[in-house]
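Residues per chain are reported as follows:
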Amino acid sequence: MSVDPLTGGNNAIVPPIFDKIRLSHLLEAAVQKTYHELYTMADVLHSKSTLERKIELIKFACRARQLFIRILAIVKWSATTGRVTACEDIQNFLEIRAQLIRQTSDTLAQLAREKLLGARVPNFPVTDAIDALTLGTVNFLPKRIAEITTSFTPATEKERQQILPRLQQILIAKISTSELPIEFTDVIIKNGLVILTVDGEFEVRLGIINDNLSSLWQVYQTKLFLRDSEEPEQELIHPSQMQIITNFTQSWLNDSEKPLVDLYQYLHYYCQSLRLQILVEQAHRIGNQAGKQKDLVISKYTGCKSFTVEYWKEYSTNTANTQLKKQIGNGKPLDIGMTILCDDNGKFQIQHWPPLPVDDSVVIMKILEKSVFTMEEILNRTIYARCQRRFEELKDTILPNTIANIEIDSSIPALKCEFLPESTPEELLFISISPYSGLYKVVCFMETLHSQRIENALNRDQTNLIDAINSLKIWLIQQRVPSLLAHLNCRIYTRIPSLNPKNELIASFINSSIAIELIHHEGFYILIHISDINQLLIEYYLLILEKRSSTHESLVLQQRTSDQQPSSTTTTTNDEGAKWLLEPLVLCPLDPTTFLRKELFEFKNAFQYNKRTDNVDDDIDDNDNGRMKRAQPTSILSLKSLVKFVNYYDEMLSFIFLKDDFQRKKTLCKNVLYCPWTGIPCLNLVRTSTDEESYSSNTELIRYVEDYFWPQMQSCTVRLTYTLRDIGREHKPIERQWITSLNLFNNNYFRNAFIKTPYNSLITFTHISTKPYSKIVDFILNELRNAFELTYLFENYSLALLESVDLHTISKMVLFNFFKCIFHYGPDFAFSVTLTYNSNKTQQESEKTFDLLFSTIKPTFLPTFHHILHRKLMLFLTQTQSVKQFIRLLHMTAIPISSIARLNCFNRPIVFTNQGGCAQSLLTLVPYTESRWRLNFGQIFTLDIQICGPNLILVRDGSFSVQINNSIPDLSPIPRLKEFLSAFADDHGLTLEFADITDGFHEKDFVLPDMQISLPPSSSTNNNSHDSTYNSLMDTTTQPPVFSPIDIYDVIFRDSLPVTSSTTPSNNRRDNNGNQQSSVSYNYNYELLTKPNYPVYMSQQTFFRMLYTPDGRHWSRLESFLASSILIRQFAKGVTEPFDANNITIRSLSNEQDTYRIEHLSLQISFLFDSSTTVYRIHFISLFDSSLSTQQQSNVFWSPDELKSIERFFNETFFPISPYTNLTTPSIDILSLQASQNLSTAMGSFQRMLSLIQPRILKDLVKIIGLEQHPESHHIWRSRWCLTIPQGCGFSQVGQPGIYYHSSRSSFLFIFQFTYRLNQNDTSLISNQQTSTFVVPLLHDTINNQTTLWDGSSKHPTVGHELKYQTITKLLTALKETLDKNECSLYPTMLELITRLQVPSTSNNSS
């Protein structure tokens, strides 16, 4: 057996341990200490005198200086730490060697003094030596001698077979007769040996030396099975030691009476001693682990007997309970530990102090009964049992003082504490015990502060444990509230900022309450007070706070504020010097079960929300003998319904304030009702007040509202809804919607089958909590006022629906909900108007208005443009107060206004010089009244349009004023207007009475097959075609629009429309055939052509055809006619304003309209108007007289080809005909509307040219026109004479006239546009206009007969065409010498240019 180095307990080899600390930690500790002293002095010095402060500061400076001087010395010394470390390592090595030497000497001395006292060397065998000398043999010799001196002869196999069976029988007999302990697990007889085995301990091989049963047992081999389970590879006993043990065993067996029993006892005791030694070494290893040597200590070890282990040293040191300490051994006090004993029989026993329960002791003892066990198992099971007992004691300590669900989790082990019912895993508190130190560890996943307080109370002074637990419970309750109200943007406080804590109302609620500020009511709080934390009871209160100026302001500041603002009694919140304090006004107990009732109940407020503190004190003195009225305590489980509870009182307060505002407006209201099933409160309005000034002037409306409207209503209910939650808007005002519903008994309010009213109508108002409730009241009352007005307006209309069938024909009501009404009207009911009453804009009864919203339901025909007449229609409805007349007016004006607004001229802006240079549309509409409009074209012409009846439209020239019976000087009469309008003056179907309408009108009544045209694919066309023939919308009538034709102009200036109702309506449509028409007793247009200023009447169909255009790009007939008339007027004005009054060259013919003679040119020009096609054409006639001499200058011959060529050119220029509409569409540049003078117009410059030009120059211009119309193959360029400056030529005067006469130089400036011909054999042109098209301005001198390039083009050449102009100049210079001076040079010059002008390729690409 190896010698134990720990025997004695004081000679163990322990390496020297020196306390070390990092330099950074040392510096950090010094700084922290200095900072702590400074922080402490800052709190303490202000209460001391000045002398004491100075003394303390000097002491602190001295201490800090000495401390940092020491640290400085250490820092300097650390520079030489390399040498110090080397010396330290040498010293440690020498000390370890010295300890080993001392230990070896001590061990040898101990062996000599204690264990080798009984050891003896056997006597020399003298008798054996004599036998060996005399006989030659000995009975016993050492093995080595036998090997050397004797020869071994092994038995043969035959001898073995003879000896072993016999020896087997002898051994069996000897074992049977011997006393064999039952602890031997295996007994095997094999090969002449008996093998005895004890599992886990040892194995011994025995034999006999003869066949005598009484012979002694011989021990041949002993083997031990014991191993350290933590170091199983290491042998515990050296083989030489094992041989010594075998020899000792043999000597003991020789003297034993029961050899096998003693054999087991000897070896078993030895194995148990080894096990005890193994446990000691394992305990040392556990204690030597990092950080555990101070908690596990082997206090005493007696070899082969016992050893004592102490654990939880830190817990024993910290605990104040000394009753658990026990005196054992030599009187040394032990705290918590255990002693493992090995008795004389080799059995282990464990003694625990303080004692453990029997069950735990038995379980621990069972560990020692196993074949293999470790010290770690014993310690773990012991500590586990010790923890269980401590948990049970702690549980018994907590439960009597508080309600909690505490369980011992044996798997951790830990104490799981659920202090609140239905706690989440985060709210649980886990109390565990450190297995090393024995101290309590408290963990809560939600916080650390309260857990640390509980941990300190458990480990130090448990008298504060319950208080710490109660603080944690209060904190957990406070943390539950925010999660329950997570979706509400309300503020939650455990301590309200700026609240006066000394107020007697809330003094007792400060530390154990939660305040929830109602989001829609600033200063109103739901106060949750924890009244009994042990029983988990809470109370609910309503707390109302008021913001007041704080009392700790300086008196000087208050006096200064009062001096500066003597008239102000309150301080604004924006003043930086003001300080505020929240003072409680009311603390009212609440019942959290109020809204849990099953029945519908009325809410009656039991508190005064405007009560002051003194009133509260009076109530407290009157009630409950001076004590404050407390709320009924409820369980904490009531927090489940906290969301409903907060919403309930928040909404109820809203309704209370709303009700008060209604009552201030003298509105009768019922109490607030609350429905527990839906959780929705409501307020019923009984009747509104009609005492306001807006009602005073309308007694009929007051009577209608009081006697008819409210009795028809079942209820008027105000409810509250919330918008969807916006997560990003935390603590911001939330929008709420107040819905007011008008509920009817049935859906027939007007007792009319044609107007269906809904059972309930809603008013929605979005309100922000920061705004007063008076806004809601005003809005609801305004909306109800709108309902009164609109409903009262429709009372007469409901009666008219029963009497007038035509209202169903021209309109259709699709919605009426008391607040707005929607009508459909127009062709196929494609238009819609929404009618509402607007009381917000009214200040007086006479100014009340209706709002109109127009829209198009079916955009297949025409979009509605009634919004243009919005103001006029609104005034008409306000004045007439008749929906019937309003609907009829919409019917009469729908097609005319939509047809006019659809014209393309509205989208063509023109900059008129006489209008200040502002861009205006070519066509403008001026509505004088709702039925009379003025249509201005180019600020020159105007048309008066009067809607006289359902199918009767009056159109006349607006330049004639009926009032002054004369023409207006600023406007010009429209030439041939009567002839144009006569094409659309159709008396068939004209009517003034709505009684003649027998059917609704449709799109097919307007867009006829003959109006359909084929448009190119790119244009937007109307492909709706109908095979039906033209049918009149309305029949003819025998009633004229006025009583006498003399009063026809008075229709325009009537105050009201000539709208009448029929007493005998008929819904039967009379058939009209194309071959047979109804007779008309009165012709509206009878005096159309006889009187010049007599207006023209037309139907809606003919008016629509006059303004019809298939898409938005083409011109209508009216636009084409007015544009052409502009040109006719410009030419006529130029004739009347000649350039030279003494030499008039162009004269008009009095007997022929729009015909002029040009004597010096021998031409007559006529502007012919075709009334069937409404198209203007220019016609030239030669005035050549063959009887006169051709030498006369005024007698010029014009061939038919020349006249045809010039007519074609000027018609294409001034009156081009669209191939799609067959209408003239003059360009905007040709109209020259922006010109301030007639001479600056294209037609005016053309007229001036005709008056000044010589015949031969005009002849050359006609030839040049012929070159464009009939180009030849050798022509390189195509030239076009431009009457206006074209675009893309580089000139800034684009659109201005292209003919200019220099009177001082007697020269004409002509503009020609040259276009390169792609193929000279073809008439097609190149498509790239930028490189192949340019403008050539030519100046023709009439005196010198020279044609040159205008000098302005050389001074300001067009970018990219410089080379072209240089080449043209060279050609014209060379051409001067070859021209015939008797011939006009204009045509030869142009011919030379279009045939010989060659431009370098670079010039075409330089753009």
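Residues numbered from 1 in each chain as written. Predicted model: local features only at pLDDT ≥ 70, side-chain atom pairs only at ≥ 80, totals over all residues. Heavy atoms only, no water.

**Some points on helix α26 (residues 1200–1214)**
The end-to-end C-alpha distance of α26, which contains 15 residues, comes to 21 Å, matching closely the 21 Å that a straight helix rising 1.5 Å per residue would cover. Looking only at α26, the buried set comprises E1202, L1203, S1205, I1206, E1207, F1209, F1210, N1211, T1213 and F1214. (Helix = DSSP H or I, 4+ residues; strand = E, 2+ residues; numbered from the N terminus. Expected span 1.5 Å × (residues − 1). Buried < 20%, exposed > 50% of the residue type's maximum accessible area, 1.4 Å probe, protein only.)

**Some points on the packing of helix α21 (residues 870–880) against helix α22 (residues 883–901)**
A pair of packed helices is characterised by two quantities: the angle between their axes and the separation of those axes. Two elements in contact, α21 and α22, have axes whose closest approach is 9 Å; the angle formed by their N-to-C orientations is 155 degrees. By the criterion of interaxial angle, the relationship of α21 to α22 is roughly antiparallel. Note on packing geometry: the crossing formed by α21 with α22 is right-handed. Note on element contacts: α22 touches α21 through V883, Q885, F886, L889 and L890, opposite L873, F876, L877 and T880. Of the residues that constitute the contact of α21 with α22, the class distribution is seven nonpolar, two polar and no charged. (Axes fitted to C-alpha atoms, helices over the stretch in contact; angles between N-to-C directions. Parallel < 35°, antiparallel > 145°, perpendicular 65-115°, else oblique. Left-handed = near helix turned anticlockwise from the far one by under 90°. Contact = heavy atoms within 4.5 Å. Nonpolar A, V, L, I, M, F, W, Y, C, P; charged D, E, K, R; others polar.)

**Looking at the packing of aromatic side chains**
Each aromatic ring pair is specified by the distance between its two centres and by the angle formed by the two planes. What the rule picks out here adds up to 68 aromatic pairs. A ring pair is formed by F184 and Y264, whose centres lie 5.6 Å apart and whose planes are at 70 degrees; its orientation type is edge-to-face. Of this pair, F184 sits in the loop between α6 (157–177) and β1 (186–190) while Y264 sits in helix α8 (residues 259–287), and the two are 80 residues apart along the sequence. On the basis of relative accessibility, which here comes to 7%, the residue F184 falls in the buried class. Under the relative-accessibility criterion, Y264 is labelled buried at 11%. Just above the ring of Y440 sits the side chain of R390; from NZ or CZ to the centre is 4.5 Å. (Phe/Tyr/Trp six-rings, centres within 6.5 Å; stacked < 30°, edge-to-face > 60°. Lys NZ or Arg CZ within 6 Å of the ring centre and 35° of its normal.)

**Some points on the pairing of strand β5 (residues 296–302)**
Inspection of the sheet shows β5 paired to strand β6 (residues 306–311) by six bridges, in the antiparallel sense. Bridging from a neighbouring strand, L296 pairs with Y311 of β6. Hairpin connection of β5 to β6: three residues between the antiparallel strands, including C304 at a positive phi of 60 degrees. (Pairing = 2+ DSSP bridges.)

**Some thoughts on helix α7 (residues 239–254)**
With 16 residues, α7 should cover 22 Å at 1.5 Å per step; its first-to-last C-alpha distance of 23 Å lies within 8% of that length. As for α7, its buried residues are in contact with β4 (218–224) and α8.

**Here we look at the sheet that holds strand β29 (residues 820–825)**
Strand order in the open sheet formed by four strands is β28-β29-β30-β31, with antiparallel pairing between adjacent strands. The sheet terminates laterally at β28 (811–816) and β31 (849–856), the two strands that pair on one side only. Averaged over all adjacent pairs, the angle separating strand axes in this sheet is 25 degrees, with direction ignored. Summarising the sheet, β28 and β29 pair through five bridges and their orientation is antiparallel. Residue pairing across strands places K812 opposite H824, the latter belonging to β29.

**A word on the sheet that holds strand β9 (residues 337–342)**
Ordered in space as β5-β6-β9-β10, the four strands form an open sheet in which the pairing is antiparallel. A single partner strand is all that each edge strand has here, and the edge strands are β5 and β10 (348–353). The mean inter-strand angle of the sheet, taken between neighbouring strand axes irrespective of direction, is 15 degrees. Its contacts with the sheet place α8 against β5, β6, β9 and β10, and it is angled at close to 155 degrees to β5. Sheet strands touched by helix α11 (residues 375–398): β5, β6, β9 and β10. Its angle to β9, the strand with the most contacts, is close to 135 degrees.

**Remarks on the nonpolar core**
The nonpolar side chains of a soluble globular protein tend to be buried with one another. Judged by nonpolar contacts, the single largest core of 269 residues is most densely connected at I378, F794, W1281 and F1310. Residues within four places of F1310 in sequence aside, it is in contact with M1249, I1253, I1257, L1261, W1281, G1298, I1299, V1336, P1337, L1338, H1340 and L1386. Core analysis: the second largest hydrophobic core is formed by 27 residues, L167, L171, V219 and L274 among them. (Core = buried A, V, L, I, M, F, W, Y, C linked by side-chain atoms within 4.5 Å.)

**Some points on the confidence of the model for the protein**
Overall, the predicted model of the protein reaches an average pLDDT of 78, with 80% of residues at or above 70. Every residue in residues 605–626 scores below 50 in pLDDT, and together they form 30 contacts with partners more than four places removed in sequence or on other chains. (pLDDT = per-residue confidence, 0-100.)

**Concerning a nonpolar patch on the surface**
A cluster of nonpolar side chains, namely L23, L27, I74, V75, W77 and V84, defines an oily patch on the protein surface of about 460 Å² accessible area. Of all the secondary-structure elements, those providing two or more residues to the nonpolar patch are α1 (23–44) and α2 (50–77). Of all the elements, α2 adds the most residues to the nonpolar patch, at three residues. Within the secondary structure, W77 sits in helix α2. (Patch = residues over 30% accessible without salt bridge, like charges linked within 9 Å, V, L, I, M, F, W, Y side chains within 5 Å. Areas by Shrake-Rupley, 256 points an atom, 1.4 Å probe, with all protein chains shown as cover. Salt bridge = Lys/Arg side-chain N within 4 Å of Asp/Glu carboxyl O.)

**Some points on the pattern of salt bridges**
Using the criterion set out here, one finds 32 salt bridges in the structure. For the salt bridge of K416 with E407, the shortest nitrogen-to-oxygen distance reads 3.9 Å. For the salt bridge of E1392 with R1396, the shortest nitrogen-to-oxygen distance reads 2.7 Å. In this pair, E1392 and R1396 are both assigned in helix α33 (residues 1386–1396), four residues apart and thus about one turn of the helix distant. Relative accessible area serves as the criterion here: at 15%, E1392 is assigned to the buried category. A single network of salt bridges, built from pairs that share partners, joins D228, E230, E231 and R285.

**A few points about the pairing of strand β42 (residues 1155–1158)**
In this structure, strand β41 (residues 1146–1148) lies alongside β42, joined through three bridges in antiparallel fashion. Bridge pairing links S1148 to Y1156 in β42. In textbook terms, the turn of a hairpin is the stretch between consecutive antiparallel strands, and for β41 and β42 this stretch comprises six residues, one of which, D1154, has a positive phi near 60 degrees. Taken together, the four bridges between β42 and strand β43 (residues 1163–1170) define a ladder with antiparallel strand orientation.

**As for a negative patch on the surface**
Residues D691, E692, E693, E706 and D707 make up a contiguous surface patch of negative charge. As for its position among the elements, E706 is in helix α18 (residues 699–712). (Lys, Arg positive; Asp, Glu negative; His and termini not counted. Charge placed at Lys NZ, Arg CZ, Asp CG, Glu CD.)

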